[in-house]
Amino acid sequence: MTNSWTDIQNTDLVVIMGGNAAEAHPCGFKWVTEAKANRGAKLIVVDPRFTRSASVADFYAPIRQGTDIAFLLGVIKYCIDNDKVQWDYVKAFTNASYLVKDGFSYSDGLFVGYDESKRDYNRSEWDYQIGPDGYALVDETLQNPRCVWNLLKQHVAQYTPEMVERICGTPKDKFLKVAQMISETSSPQKAMTSMYALGWTQHSKGSQNIRSMAMLQLILGNIGIRGGGMNALRGHSNIQGLTDVGLMSNLIPGYLTIPTEREVDFQTYMGSRGFKPLRPNQMSYWQNYGKFFVSFQKAMWGSAATKDNNWAFEYLPKLDVPAYDMLRAFELMHEGKMNGYVCQGFNPLQSMPNKAKLIRGLSKLKYLITMDPLETETSRFWEKHGEINDVDPKSIQTEVIQLPTTCFAEDEGALVNSGRWLQWHWPGATPPGEAKHDTWIMAQIHLRLKALYAKEGGAFPDPIANLHWPYKDQGEPHPVEIAKELNGYVLETVYDPADPTKVVLEKGKQVAGFGVLRDDGTTACGCWIYSGCYTEAGNMMARRDNTDRDNTGAHPNWAFSWPANRRILYNRASADLDGKAWDPSRKLIEWDGTRWSGYDVPDIAPTAKPREVGPFIMNPEGVSRLFTRGMMREGPFPVHYEPFEAPIANVIAPKIRGNPVARVFKNDMTQFGDATEFPYAATSYRLTEHFHFWTKHVWVNAVLQPEFFVEISEELAREKSIQPGGWVRVWSKRGSIKAKAVVTKRIRPLICDGKPVHVVGIPLHWGFTGAAKEGFGPNALTPFVGDANIETPEFKAFLVNIEPTTPPAVA
Amino acid sequence: MNMELSRRAFLRSAGAGVAGTAIGAFGFGGIEAAHASSIRAFKLTTMVETRNTCPYCSVACGIITYSKGDLRKGEKAELVHIEGDVDHPTNRGTLCPKGAALLDFAKAETRLKYPMIRKPGSDKFERVSWDQALDRIARLMKDDRDQNFVAKNNDGVTVNRWTTTGFLAASATTNETAFVTYKVVRSAGMLVFDNQARV
Ligand code: SF4
């Protein structure tokens, strides 16, 4: 989230698209209710199903899953055509005026530079024209045909209301009503918030779904303001934190990146991370990359990271592929190229697509280690459970070690909510049996590995042997000790660069913020964006002062919000060019002639003059991007691509299947089904009574929603002679499941490109362990392909067939 | 509303205060103390209360757990009750059907209690000690790492990577667990490393 849950009370219009907050984030959704009740805010829901959110919406429009980009580009076109643009914001705070290289072009669904054999682009033309001074060329009058604004206008021209209806199945009048309501928030006095979740991310072009809305929000001037923003509701309680701390193949905490093997040495690595400003005076905050990186290396390897060894650069593994995301991991497993796998609190057998492939992959491992508070299907993948898990244990040679861990009630530490609040919690219960903290288990593994290397030697033991391990009890690091490492501390007394007689911080002290971090080895910091969370003043994440001056929803003294306790990102953009709030009733920070101040921590240097320094300080441009240069793999503007399995061909580019740059592994291409054989558009979803596969272990929730089902329309039920509550078989090119049919009015057939399209809804929450009845879940059916930029699997749009059947055989 | 203000102490004094003011106002000052002492203490006041957040979704509702026994005094603590934290700015005491049933998660029958090993070809888990499990894990990991560690790629560039064992991190563990995990996984040179951000 750019904003926070409590900030939603400040909005005038909520758009829930790609999510279902009333169902999946019930206690956060209350802030929508507040905005509706107290400010007369309106709620729009756009979804293939008439969801629980839709049931309390002011306006609902149906859409076929996987067509959100066409819809949103249609809304952008509507806003441009009807002059519903916050012009001052767009001109000053976006790259609308930047000139793009002459070689850049788009036609028939593809941008310039496409190489079909590589399923990739040469992106060199997707960039600005650079002047002799090294800065990007701009035309503030927006007259130049090569400026971003004119290219955008041209790019969205084909997404007319008629085209939107053809692709999305949204009736034109409903689309126009939504577009009109959204466009009204181009007024500086109106705010719109976008609330989305996995309904946007779980597509082969998920990143571009989100980007489309972000562009719309920029055009309307809704980013950086109270009641505005791009609000990723997120899923699990700490998925924000796990990502912040960089637990991904290509990340270093704080969104730094692991080197690739093309970056042959430290100098090359840093060379591509210079982030020189693209316009005069801009902060281009990533220029501090070196300070964050060196401080991270010091937190990892302490005195073993020195200037002479390039801060232990060689201790980091180097990537040979863009990422070893989990789709690739299971592909490697399936090919027999992996021997071991550790699942820490994660149940991939239920969570990942194409279950048959997952079982084959796991069966080829030599060893699988699971760490979880609860039984998981993954740890028992070798166990036969009737048709639901139809395996032969004898033929599976994988050794499985299942480790019991503590749960929330028994451990201590911080979780990061979707609004970026780091909230500390304390343990209140003794773990059952011999269950242990994850921190203890990880420490034990490390210490044993280290001891084995000390005794036996072996492959490059240095990074293991020298891992900085400053904990009082080596075998069980305390969460407070770790939180202090994440915050950062100084290794040597640090002096003010402007006045070397002035001590900034004495040796051994906790830093107050990332501004203190250095690239000379005098500071250490596990995760720079968390700096300020555990300072000399104590644990900021444990703060419990819920006062909220003037009811802005900021709650600045509650817990700690990264970065720097900032509650609304890009909040400089809440004020106009001269630093006065666009809307005085929505004041956030303002320029008083010398400084920025207000309700929130300014997202800009406190003394940075308006009209000089742009509000988007992380970007070398200083402004936000309507045109993303070469930063996204499928193009600088979003394009409508169909899901890999779609009921109709892509209307705007009939020859293109799916996202033309999404990575598809060789054998998976042949495992995509076509509409002739699999005519129905399926989507997976969640229920309010359940959370993933955990709550099926909880008696109350198992009683509330005991049994797996699929949801279909009355029309489809009639067509296929399916009885409400009767058993159906649903199958895709990859697998087959059985479920009871829930026949509802919540799903209606759509007309897309002149053809009726039936939607089949498949909830997620069942398996073969726990208190609920055994059930299949959707992932025996889902396709093994991910988003082209971050590899989120395409769970929300795939094809199936359906027929009435008999109940499945049980174990 | 500061961190030190104990909700339990608040409930105690509020209980006595209500009795005191109501009766005192009617001029029955003398029986005030006797009456107050006759009121049975609210049951949860004998419990240890602990601030926590719901571990399910990223709304992160504040919760209060009530337990018999105090971990801070080195006692065993048994969860008795969980409710929404009315002081929390986001949920203000409310919980959804998941958060409201959290007690049954912590006490689920299918909570894991002991390390287990399933041998190749077996159809069951067998209980082992922590030492057995951890020694085995370290052995398996080290052998695999030593056999498959790539120090240099074909171009002679130092790459120091290990890709034959992977690590999937969770989504509900703390930042602190995450960082210790990061340190252990990365220092081993692992690249097949991911979390549950996407599913
Ligand atoms: S109580 Fe419900 S809404 Fe609140 S954090 Fe838990 S799951 Fe989310």
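Look above for the structure.
The rules we used
- Residues numbered from 1 in each chain as written.
- Chains lettered and ligands numbered in written order.
- Predicted model: local features only at pLDDT ≥ 70, side-chain atom pairs only at ≥ 80, totals over all residues.
- Heavy atoms only, no water.
- Helix = DSSP H or I, 4+ residues; strand = E, 2+ residues; numbered from the N terminus.
- Buried < 20%, exposed > 50% of the residue type's maximum accessible area, 1.4 Å probe, protein only.
- Contact = heavy atoms within 4.5 Å.
- Areas by Shrake-Rupley, 256 points an atom, 1.4 Å probe, with all protein chains shown as cover.
- Rg over C-alpha atoms; globule rule 2.2 N^0.38 Å.
- Lys, Arg positive; Asp, Glu negative; His and termini not counted.
- Charge placed at Lys NZ, Arg CZ, Asp CG, Glu CD.
- Salt bridge = Lys/Arg side-chain N within 4 Å of Asp/Glu carboxyl O.
- Pairing = 2+ DSSP bridges.
- Axes fitted to C-alpha atoms, helices over the stretch in contact; angles between N-to-C directions.
- Parallel < 35°, antiparallel > 145°, perpendicular 65-115°, else oblique.
- Left-handed = near helix turned anticlockwise from the far one by under 90°.
- Buried area = accessible area lost by both parts, 1.4 Å probe.
- Polar contact = N/O pair within 3.5 Å; in protein donor to acceptor, adjacent residues only side chain to side chain.
- Nonpolar A, V, L, I, M, F, W, Y, C, P; charged D, E, K, R; others polar.
- Near = heavy atom within 4 Å.
- Core = buried A, V, L, I, M, F, W, Y, C linked by side-chain atoms within 4.5 Å.

**Q** How would you explain the overall build of chain B if you had to name every residue and give the values?
**A** The helix and strand inventory of chain B stands at five helices and nine strands. Start at the N end of chain B and walk to the C end: the helices and strands fall as α-α-β-β-β-α-β-β-α-β-β-β-α-β. In chain B, buried positions account for 54% of the 199 residues. By sequence separation, contacts in chain B at least 24 residues apart represent 37% of the contacts at least 6 residues apart. With an accessible surface of roughly 8400 Å², chain B has 56% of that area assigned to carbon and sulfur atoms.

**Q** So what's going on with the overall build of chain A? Which residues, and what values?
**A** Scanning chain A for helices and strands turns up 22 helices and 33 strands. Its C-alpha atoms give chain A a radius of gyration of 27 Å, within 12% of the compact-globule value 28 Å for 811 residues. Counting only C-alpha atoms, chain A reaches 85 × 70 × 55 Å along its principal axes. In chain A, which comprises 811 residues, the share counted as buried stands at 67%. Look at the contacts in chain A between residues 6 or more apart in sequence, and 71% of them connect residues 24 or more apart. Approximately 26600 Å² of chain A is accessible, and the part contributed by carbon and sulfur atoms is 52%. Each charge sign in chain A was given a centre, from 88 positive and 90 negative side chains, and these centres are 2 Å apart.

**Q** Talk me through the pattern of salt bridges; I want residue IDs and the actual numbers.
**A** Residue and element names in this part refer to chain A. Under the definition given, this model contains 61 salt bridges over all chains. Between Arg-166 and Asp-753 there is a salt bridge; the shortest N-O distance is 2.8 Å. Of this pair, Arg-166 sits in helix α7 (residues 161–168) while Asp-753 sits in the loop between β30 (750–752) and β31 (755–757), and the two are 587 residues apart along the sequence. Judged by relative accessible area, which is 38%, Arg-166 ranks as partly exposed. For Asp-753, a relative accessible area of 36% translates into the label partly exposed.

**Q** Describe in detail the sheet that holds strand β2 (residues 42–46) of chain A, supporting the description with residues and values.
**A** Within a beta sheet, neighbouring strands are joined by backbone hydrogen bonds and run either parallel or antiparallel to one another. All names here are of chain A. An order of β3-β2-β1-β8-β9 is seen for the five strands of this open sheet, with the pairing classed as parallel. Edge positions in the sheet fall to β3 (59–61) and β9 (230–232), since each has one partner strand and no second. Shown here is a sheet whose adjacent strand axes are inclined to one another by a mean of 20°, direction ignored. Bridge count between strand β8 (residues 192–196) and β9: three bridges; the pairing is parallel. Its bridge partner being in β9, Met-195 is matched across the sheet by Asn-231. Relative to the sheet, helix α2 (residues 26–39) contacts β1 (13–17), β2 and β8, its axis offset from that of β2 by approximately 135°.

**Q** Lay out the packing of helix α4 (residues 68–81) of chain A against helix α10 (residues 206–219) of chain A with the relevant residues and their values.
**A** All names here are of chain A. In the contact formed by α4 and α10, the axes pass within 9 Å of each other and the chain directions differ by 15°. By the angle between their axes, α4 is roughly parallel relative to α10. Between α4 and α10 lies a crossing whose hand is left-handed. In contact with Asp-68, Ile-69, Leu-72, Leu-73, Val-75, Ile-76 and Cys-79 of α4, α10 contributes Gln-208, Asn-209, Ser-212, Met-213, Met-215, Leu-216 and Ile-219.

**Q** Please set out the interface of chain A and chain B residue by residue, giving values where relevant.
**A** With 172 residues of chain A at the contact, the number on the chain B side is 119 residues. Between chain A and chain B, roughly 12700 Å² of surface is buried when both sides are summed, and carbon and sulfur atoms account for 63% of that area. Looking at the side of chain A facing chain B, the largest losses of area belong to Phe-408, Arg-448 and Arg-544 of chain A, adding up to 6% of the total buried there. The tally of links from chain A across to chain B stands at 11 salt bridges. Two residues, Glu-399 of chain A and Arg-136 of chain B, come together in a salt bridge whose shortest N-O distance is 2.7 Å. Summed over the shared surface of chain A and chain B, the number is 81 residue pairs in polar contact (both at pLDDT 80 or more). Considering every element that reaches the side of chain A that touches chain B, the biggest residue donor is helix α17 (residues 438–456) of chain A, with 13 residues. Tallied by class, the residues present in the side of chain A that touches chain B amount to 94 nonpolar, 49 polar and 29 charged. For strand β14 (residues 399–404) of chain A and strand β4 (residues 116–118) of chain B, the ladder comprises three bridges, and the chain directions are antiparallel. Opposite Ile-401 of chain A, over in β4 of chain B, you have Ile-117 of chain B as the bridge partner.

**Q** A description of the environment of Pro-602 of chain A should follow, citing residues and the corresponding values.
**A** All names here are of chain A. Along the chain, Pro-602 turns up in the loop between β25 (596–598) and α20 (666–669). With relative accessibility at 15%, the residue Pro-602 sits in the buried group. Leaving out residues up to four positions away in the same chain, Pro-602 has contacts with Arg-566, Asn-571, Ile-589 and Trp-596.

**Q** Tell me what's going on with the side chain of Asp-139 of chain A, and back it up with residues and numbers.
**A** Residues and elements named next belong to chain A. Looking at where Asp-139 falls in the secondary structure, it is placed in the loop between β7 (120–121) and α6 (148–156). For the buried Asp-139, which has no salt bridge, the nearest side chain bearing the opposite charge is Lys-91, at an N-O separation of 9.7 Å. Among the polar contacts made by the side chain of Asp-139, one reaches the side chain of Thr-141 at a distance of 2.5 Å. Apart from the residues within four sequence positions on either side, Asp-139 is in contact with Ser-97, Leu-99 and Asn-144.

**Q** How would you sum up the site of the ligand? Please name residues and give values.
**A** The ligand sits among Pro-26 and Cys-27 of chain A together with Cys-54, Tyr-56, Cys-57, Ala-60, Cys-61, Leu-95, Cys-96, Lys-98 and Gly-99 of chain B. Nearby residues place the ligand at the junction of chains A and B. Looking at the shell around the ligand residue by residue, the classes come out as nine nonpolar, one polar and one charged.

**Q** A description of the packing of α4 of chain A against α7 of chain A should follow, citing residues and the corresponding values.
**A** All names here are of chain A. Close contact between α4 and α7 brings their axes to 9 Å; oriented N to C, the two are set at 170°. In terms of orientation, α4 lies roughly antiparallel with respect to α7. Crossing handedness for the pair α4 and α7: left-handed. When α4 is examined against α7, the residues Ala-70, Phe-71 and Gly-74 are found in contact with a partner set consisting of Val-164, Ile-167 and Cys-168. Residues belonging to the contact of α4 with α7 are distributed by class as follows: five nonpolar, one polar and no charged.

**Q** Hey, could you go over the nonpolar core for me, with residue numbers and the actual values?
**A** Counting residues in each nonpolar core, the largest one holds 122 residues, and the members touching the most others are Phe-293, Tyr-341, Trp-528 and Tyr-530 of chain A. Ignoring any residue separated from it by four or fewer positions in sequence, one finds Tyr-530 of chain A in contact with Gly-241, Asp-244, Val-245, Val-416, Leu-422, Leu-486, Asn-487, Phe-560 and Trp-562 of chain A together with Asn-175 of chain B. Listed in part, the 91 residues of the second largest apolar core include Ile-76, Ile-210, Val-661 and Ala-662 of chain A.

**Q** Lay out the environment of Thr-806 of chain A with the relevant residues and their values.
**A** Residue and element names in this part refer to chain A. Inspection of the secondary structure puts Thr-806 in the segment after β33 (798–804). With 68 residues separating them along the chain, Thr-806 and Lys-738 place their C-alpha atoms 8.4 Å apart. Those residues in contact with Thr-806 that lie beyond four places of it in its chain are Trp-727 and Lys-738.

**Q** Could you give an account of unusual backbone geometry, with specific residues and numbers?
**A** Residue and element names in this part refer to chain A. Across the junction of Trp-562 and Pro-563, the peptide omega takes the value -10°, indicating a cis bond. As for its position among the elements, Pro-563 is in the loop between β23 (560–561) and β24 (589–591). Positive phi values are uncommon outside glycine, yet Phe-460 reaches one of about 25°. Inspection of the secondary structure puts Phe-460 in the loop between α17 and α18 (462–465). Classification of Phe-460 as partly exposed rests on a relative accessible area of 23%.

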